[in-house]
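Report on the structure
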Amino acid sequence: MQLNRIDLRRLILSLATVSVILTLVNALYATYKVQRNLLIDGTLHANEAYAAKLARSTAMHLNLVMSELNWSSQAIAQAPQNPSLSQLETERLLRQSDSFNAVVRVNAKGQLQALAAPESFKADVILKDAPIQEALTQQQTRISSPFRLNQGQYFILVSQPIIDKTGRYDGFIGGLINLHDRSILHRLLSDQSYQDETYLYVVDAKHRLIVHPDKTRIGEKVLDNPAIEAVLDNQNGHQKIINSQGINMLAGYSPVGISGWGVVSQRPLQATLATLDKQMLSVLWHSLPILLVTGLIIWLFAGRISKPLWHLAQQAEHPETPETESEVKRIKTWYYEADELKTALLKGFGSVHQHIHALKTESLTDPLTRILNRRGLQQQLETWQLENIPFSIISLDIDHFKAVNDAHGHDVGDQVIQAVTEQMRECSRNQDVLSRTGGEEFLMLLPYTPLEYAVQVAERLRKTMSDAPLKTVGTITISLGVAHWPETAEDIEKVLKQADVALYQAKQTGRNKVCVATDSACQEAMRKWEDILN
């Protein structure tokens, strides 16, 4: 009895259908992953740029506010006992712009000399507030923390001391800014358009909210927020966080140096990725016509592809007939075509592998310097350890790099990092491995290189950098630490730490120098570190 078996035509149709579906799924998945990362990175950088822009605008406004107060304080200082002049200046400050919601002039005894404010403001209430007393005590230009006033609303006080002609402190003139009401600062930070669910908030140095879309949260103290901790540490940047409401956020932040505030712009991760879901549905929808056409073509060609093999099977049933050999020879050319198809498929696979390899290479490479990142460095270390390849390690760091960024900006800082990388390439061989492990931190791996030669390479690199000033920033120096595996330690992680300790020793002892893990000072520092771990 003949068994029911699937014929080649159905097999081709099934295989082709499965292949098309898997290819589509894989393409959609790869597209989704790439677009997801692009959306997240783009949102993070956009939020950072937005926060930095508003931080700069806020700093400019606060500088202008302080200049206005300084002008008035100098005018009052010419006749400090003239109540009319004090009242005139407070009225002028209140009415010449929307910078303040109220202006007060308080003498050195804490007595109110002049007040320009709406009728709802009560003088005796204002004088009792802590910011007034702090301004009198500190006797300097200051921006207060938020405090409640006038029906429970939050205010900040910007105060300028008044020093008379004899140099005696005679109180201050200060502007009250309502964090809930209309003012230039309120419009600058609160009247923003948030069409994509991005929103902005501002915190002061005490982690208290100064500006927030939810007015009820103004004055609230927010702790355990990584973005707030970073921006109050005077850092510009961005990161993915979980906010105090337990929502995944993409936050960018920038400090307002003049006031100690931090500006944070953030958008929910879910809102960012919502557009991606729509895009993927659109891609799938536009792929359907091509899928239908492809299915029709597969169905038509499946019969033509299977027909020669069906003839071969027919001939195999009658091996005794004289025509069989000629028929078999006639259809041999089909296998050549099949072989060509196999070659074409292999070429196609090779193209995919090249793309995958390129993506993998990018994941292992630092985008700014085009040398290995931490992940790529770790893979190289694991390979050399498995192959038992000895190597020297040079750990190096750019001296005073933060000062370069602060003085010239991050674009110039990137140029400095690229210049150091270029010098590393000049001082290395083809088989050496270069890696950027942090902002201004680098590692050089020198295979089959004794410790003494690695020290020479490090010294040559150090001297090259110090002898070649950069056009933008002048002379840049580096500090370096050198270790060797397995000469200085058998454990690679320990050798890496030895190189870091040697680098730290170089920085501690003056910078612009090379320290070796075998030096007595480095060994002593390493022992202290091990004692701490133990």
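Quick summary incoming for the structure in this document. (Residues numbered from 1 in each chain as written. Predicted model: local features only at pLDDT ≥ 70, side-chain atom pairs only at ≥ 80, totals over all residues. Heavy atoms only, no water.)

**Observations concerning the overall build of the chain**
In plain terms, the rule: Think of it this way: any DSSP run of H or I at least four residues long counts as a helix, any run of E at least two long counts as a strand, and we number them from the N terminus. Buried means the residue's accessible area, taken with a 1.4 Å probe over protein chains only, is under 20% of the maximum for its type, while exposed means over 50%, and partly exposed covers the values in between. A contact between two residues is defined here by any heavy atoms of the two lying within 4.5 Å.
Across its full length, the chain carries 15 helices and 16 strands. Counting across all 534 residues of the chain, residues that qualify as buried make up 42%. The contacts of the chain with a sequence gap of at least 6 include a subset with a gap of at least 24, amounting to 59%.

**Description of the environment of Ile 492**
With respect to the secondary-structure elements, Ile 492 resides in helix α14 (residues 492-508). With relative accessibility at 6%, the residue Ile 492 sits in the buried group. Ile 492 sits 111 residues away from Leu 381 along the chain, and the two C-alpha atoms are 8.0 Å apart. Excluding anything up to four places from it in sequence, Ile 492 contacts Leu 381, Gln 385, Phe 391 and Trp 485.

**A closer look at the sheet that holds strand β15 (residues 478-485)**
Which entries qualify depends on this criterion: Should DSSP find at least two bridges between two strands, the strands are regarded as paired. Axis geometry follows a simple rule: fit a line to the C-alpha atoms, using only the stretch in contact for helices, then measure angles between N-to-C directions, giving values from 0 to 180 degrees.
The five strands are arranged β13-β14-β12-β15-β16 in an open sheet whose pairing can be described as mixed. Each end of this open sheet is capped by a strand with a single partner; those strands are β13 (433-436) and β16 (514-516). Strand-to-strand twist of the sheet, defined as the mean angle between neighbouring strand axes without regard to direction, takes the value 20°. Pairing of β13 with strand β14 (residues 441-447), which is carried by four bridges, proceeds in the antiparallel orientation.

**What about the pairing of strand β1 (residues 102-106)?**
Buried residues dominate β1, accounting for five of its five residues. Here β1 shows a buried face lined by Ala 102, Val 104 and Val 106 and a second buried face lined by Val 103 and Arg 105. Both β1 and strand β2 (residues 112-116) contribute to a ladder of four bridges, which runs antiparallel. Paired with Val 103 across the two strands is Ala 116, which belongs to β2. Between β1 and β2, which pair antiparallel in sequence order, lie five residues; one of them, Gly 110, sits at a positive phi of approximately 85°.

**Some remarks on empty space enclosed by the protein**
Spelled out, the test is: Buried and open spaces are told apart on a 1 Å grid over the protein atoms alone, a cavity being a set of points where a 1.4 Å probe fits but cannot get out and a pocket being an open set with protein on both sides within 12 Å along at least five of seven lines. Residues with an atom within 4 Å of a point are the lining residues. Grid points are joined across faces, edges and corners, and a volume is the space filled by probe spheres set on the points. Gly is placed with the polar residues, together with every amino acid not listed as nonpolar (Ala, Val, Leu, Ile, Met, Phe, Trp, Tyr, Cys and Pro) or charged (Asp, Glu, Lys and Arg).
Taken as a whole and assessed by the stated rule, the structure comprises one cavity of 30 Å³ or more. As for the largest cavity, its lining consists of Tyr 199, Tyr 201, Leu 209, His 212, Arg 217, Val 222, Asn 225, Ile 228, Asn 243, Ser 244, Gln 245 and Gln 266. Looking at the lining of the largest cavity, its residues break down into five nonpolar, six polar and one charged.

**A few points about the packing of helix α11 (residues 401-408) against helix α12 (residues 410-426)**
Applicable threshold: Put simply, angles under 35 degrees are roughly parallel, angles over 145 are roughly antiparallel, angles from 65 to 115 are roughly perpendicular, and the rest are oblique.
Two elements in contact, α11 and α12, have axes separated by 7 Å at closest approach and are oriented at 140°. Classified by the angle between their axes, α11 and α12 sit oblique to one another. Where α11 abuts α12, its residues Phe 401, Val 404, Asn 405 and His 408 lie against His 410, Val 412, Gly 413, Val 416 and Ile 417. Per-class residue counts for the contact of α11 with α12 are five nonpolar, four polar and no charged.

**Notes on the state of the cysteines**
How we decide: Whenever a pair of cysteine sulfur atoms sits within 2.5 Å, that pair is classed as a disulfide.
By the definition in use, this model includes zero disulfides. Looking at the unpaired Cys 515, the closest cysteine sulfur is the one in Cys 522, lying at 4.8 Å. Classification of Cys 515 by relative accessible area gives buried; the value is 7%.

**Topic: the sheet that holds strand β8 (residues 209-211)**
Spatially, five strands are ordered β8-β7-β11-β10-β9 in an open sheet, and the strand pairing comes out antiparallel. Across the chains shown, the open sheet's two edge strands, defined by having one partner strand only, are β8 and β9 (237-242). Strand after strand, the sheet turns through a mean of 35° between neighbouring axes, direction not considered. In this sheet, strand β11 (residues 261-268) lies alongside strand β7 (residues 199-203) in antiparallel orientation, the contact comprising five bridges. The partner of Tyr 199 across the bridge, within β11, is Gln 266.

**Quick look at the layout of surface pockets**
Reported here for the second largest pocket is a volume of approximately 440 Å³. Lining the second largest pocket are Asp 233, Asn 234, Gln 235, Asn 236, Pro 255, Phe 401, Lys 402, Asn 405, Asp 406, Gly 409 and His 410. The element best represented in the lining of the second largest pocket is α11, accounting for four residues. Of the residues assigned to the lining of the second largest pocket, the class counts are two nonpolar, six polar and three charged.

**Comments concerning the pattern of salt bridges**
Under the convention used in this document: The rule for a salt bridge is simple: a side-chain nitrogen of Lys or Arg has to be within 4 Å of a carboxyl oxygen of Asp or Glu.
Summed over all chains, the structure comprises 16 salt bridges. Taking the shortest distance from any N to any O, the salt bridge between Arg 217 and Glu 220 comes out at 3.0 Å. A salt bridge links Glu 422 to Arg 425, with the nearest nitrogen and oxygen atoms 3.7 Å apart. Remark: Arg 425 and Glu 422 occur in helix α12; sequence separation between them is three residues, near one turn of the helix. Given a relative accessible area of 37%, Glu 422 falls into the partly exposed group.

**Thoughts on the side chain of Gln 498**
Keep this limit in mind: Here a polar contact means two N or O atoms within 3.5 Å. Within protein one must be a hydrogen donor candidate and the other an acceptor candidate, and residues neighboring in sequence count only if both atoms are side-chain atoms.
Locating Gln 498 in the fold gives a position in helix α14. Exposure remark for Gln 498: the relative accessible area of 9% places this residue in the buried category. Among the polar contacts listed, one links the side chain of Gln 498 to the side chain of Thr 488, at a separation of 2.7 Å. Excluding residues that lie within four positions of it along the chain, Gln 498 makes contacts with Ala 483, Thr 488, Ala 489, Ala 517 and Met 526.

**Here we look at the nonpolar core**
Under the convention used in this document: Residues grouped as a nonpolar core are buried Ala, Val, Leu, Ile, Met, Phe, Trp, Tyr and Cys residues, joined through side-chain atoms within 4.5 Å.
Grouped together as the largest cluster of nonpolar side chains are 33 residues, with contacts concentrated most on Val 202, Trp 261 and Val 263. Taken together, the elements giving at least two residues each to this core come down to α1 (8-78), α2 (83-96), β5 (153-163), β6 (169-178), α5 (184-190), β7, β8 and β11. Examining the composition of this core, we find that ten residues originate from one element, α1, more than from any other. Not counting chain neighbours up to four residues away, the residues in contact with Val 202 comprise Leu 189, Arg 208, Leu 209, Ile 210, Val 211, Trp 261, Gly 262 and Val 263. In this structure, Val 416, Ile 417, Phe 442 and Ile 476 belong to the second largest nonpolar core, which totals 29 residues.

The values reported here are purely geometric and, on their own, carry no functional implication.
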